[in-house]
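A structural walkthrough
Each chain, written out:
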Amino acid sequence: MPSKKEILTQVKELIVNNFESAEAAMEFFDKNGDGLIEKNELKNLLKESGTGRFFRGIVAGKMMGGLDKDADKKLNKEEFMNGISALMKEIDGEEEE
Ligand SMILES: [Ca+2]
Ligand SMILES: [Ca+2]
């Protein structure tokens, strides 16, 4: 299983390299256009970032569990944006050391 840091670094690179903002990334991965990121959409994000297929379900579940504050099993814009900004901080912080 890849480490959490490996996965988060891949996700960060995907977003930084392909999108102008976290908002643009959210719009792209919200395939059904309901303004929410479901677990399947999160798995697709992980797929695009290079997370192996065997780990996508587990990782998506963990990410969803950590970020889904109102527990509706979907990430609204605020939850998604908080996740991305936490991700940026976490990875940047580690690189500075
Ligand atoms: Ca959606
Ligand atoms: Ca939610």
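Keep in mind that what you see is a predicted model, and the values were worked out from it rather than measured. (Residues numbered from 1 in each chain as written. Chains lettered and ligands numbered in written order. Predicted model: local features only at pLDDT ≥ 70, side-chain atom pairs only at ≥ 80, totals over all residues.)

1. So, helix 4 (residues 53–67)
Compared with the 21 Å implied by 1.5 Å per residue over 15 residues, the 21 Å span of helix 4 between its first and last C-alpha is a close match. Among the residues of helix 4, Arg56, Val59, Ala60, Met63, Met64 and Leu67 are the ones counted as buried. (Helix = DSSP H or I, 4+ residues; strand = E, 2+ residues; numbered from the N terminus. Expected span 1.5 Å × (residues − 1). Buried ≥ 20, exposed ≤ 12 C-beta atoms within 10 Å, placed from the backbone.)

2. Structural notes on the packing of helix 3 (residues 39–49) against helix 4
The interhelical angle for the contact between helix 3 and helix 4, taken along N-to-C directions, is 120 degrees, at an axis separation of 9 Å. What the angle tells us is that helix 3 and helix 4 run oblique. Here helix 3 runs over helix 4; the crossing is right-handed. Residues Lys39, Leu42, Lys43, Leu46 and Lys47 of helix 3 pack against Arg56, Gly57, Val59, Ala60, Met63 and Met64 of helix 4. Along the lines of polarity and charge, the residues of the contact of helix 3 with helix 4 split into six nonpolar, one polar and four charged. (Axes fitted to C-alpha atoms, helices over the stretch in contact; angles between N-to-C directions. Parallel < 35°, antiparallel > 145°, perpendicular 65-115°, else oblique. Left-handed = near helix turned anticlockwise from the far one by under 90°. Contact = placed C-beta atoms within 7 Å. Nonpolar A, V, L, I, M, F, W, Y, C, P; charged D, E, K, R; others polar.)

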